[in-house]
Amino acid sequence: PTVKVGATANESLTIQTVYDTGAQTLDYVEFATAAASGTADKGKFVFDVDGTDILAIDDGGIVPYTDDGAALGSANNNWSDLYLADGAVLNFGDDQDVTLTHVADAGVLLNGSKKIQFGDAGTFIHQSSDGVLTIESDTTVDINGAVVMNGALTGLTSINVAGTITGDTSLTLDTTTITTAEIGV
């Protein structure tokens, strides 16, 4: 069956199901709009709360009716899970300048030289240039556990060791290199 209601914008349709007896279910309710025309809201469903347009559904998706116009959930009414397709992008900011992109079967990618910050703007991880991962902190980067290095250690002003430094072949201090053979190891 088809129900048509209203000839003006002030008219509305309320759908309510009431079952007096027995176990009955409503299989589905289908909403469809007429083909788009010159009217901006033609072909769009607009959800209104107390006279304020909140949400719109059209062939482009489900969106807040105005920029920053609706929250997805609230402090006491949370969604449980979010499922996104391969390659999905989370866009942040009014101009979508920060994105987090799903890379299929690999992980997620933070765009450009953007940062993941911890606690405040002075403690972060980011790609400072191509092939360079920078970990920065206001005072200390504390790594608990074994650290395996496979590359040069540069830019240090001092190394404080409370234990043993283990090497395979040699140690260079300033311009002097000491090999394990020279120290009888």
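Whatever comes next refers back to the structure up there.
In this text, all values refer to a predicted model and were calculated from it rather than measured experimentally.

Would you explain the environment of serine 129 in this entry?
Residue position: serine 129 is located in strand E8 (residues 120-129). The spacing of serine 129 and serine 113 is 16 residues in sequence and 7.4 Å in space, taken between C-alpha atoms.

Just to check I follow, could you spell out a negative patch on the surface for this structure?
On the surface, Asp67, Asp68, Asp94, Asp95 and Asp97 cluster together into a negatively charged patch. Among the secondary structure elements, aspartate 95 is positioned in the loop between strand E4 (89-92) and strand E5 (98-103). Under the relative-accessibility criterion, aspartate 95 is labelled exposed at 56%.

Would you take a moment to explain the layout of surface pockets for this structure?
Unoccupied space between atoms shows up once a probe the size of one water molecule is rolled over them. Here the second largest pocket is characterised by a volume of approximately 1,200 Å³. Around the second largest pocket, the lining comprises 29 residues; the ones closest to its centre are Met149, Leu153, Ile159, Val161 and Ile165. Sorting the residues of the lining of the second largest pocket by element identifies strand E10 (170-173) and strand E11 (176-179) as the ones contributing at least two each. Of the residues belonging to the lining of the second largest pocket, the class tally is 14 nonpolar, 13 polar and 2 charged.

Cut-off values and rules
- Residues numbered from 1 in each chain as written.
- Predicted model: local features only at pLDDT ≥ 70, side-chain atom pairs only at ≥ 80, totals over all residues.
- Heavy atoms only, no water.
- Helix = DSSP H or I, 4+ residues; strand = E, 2+ residues; numbered from the N terminus.
- Patch = residues over 30% accessible without salt bridge, like charges linked within 9 Å, V, L, I, M, F, W, Y side chains within 5 Å.
- Areas by Shrake-Rupley, 256 points an atom, 1.4 Å probe, with all protein chains shown as cover.
- Salt bridge = Lys/Arg side-chain N within 4 Å of Asp/Glu carboxyl O.
- Lys, Arg positive; Asp, Glu negative; His and termini not counted.
- Charge placed at Lys NZ, Arg CZ, Asp CG, Glu CD.
- Buried < 20%, exposed > 50% of the residue type's maximum accessible area, 1.4 Å probe, protein only.
- 1 Å grid on protein atoms, 1.4 Å probe; cavity = no way out; pocket = protein on both sides within 12 Å on 5 of 7 lines; lining within 4 Å.
- Points joined across faces, edges and corners; volume = space filled by probe spheres on them.
- Nonpolar A, V, L, I, M, F, W, Y, C, P; charged D, E, K, R; others polar.

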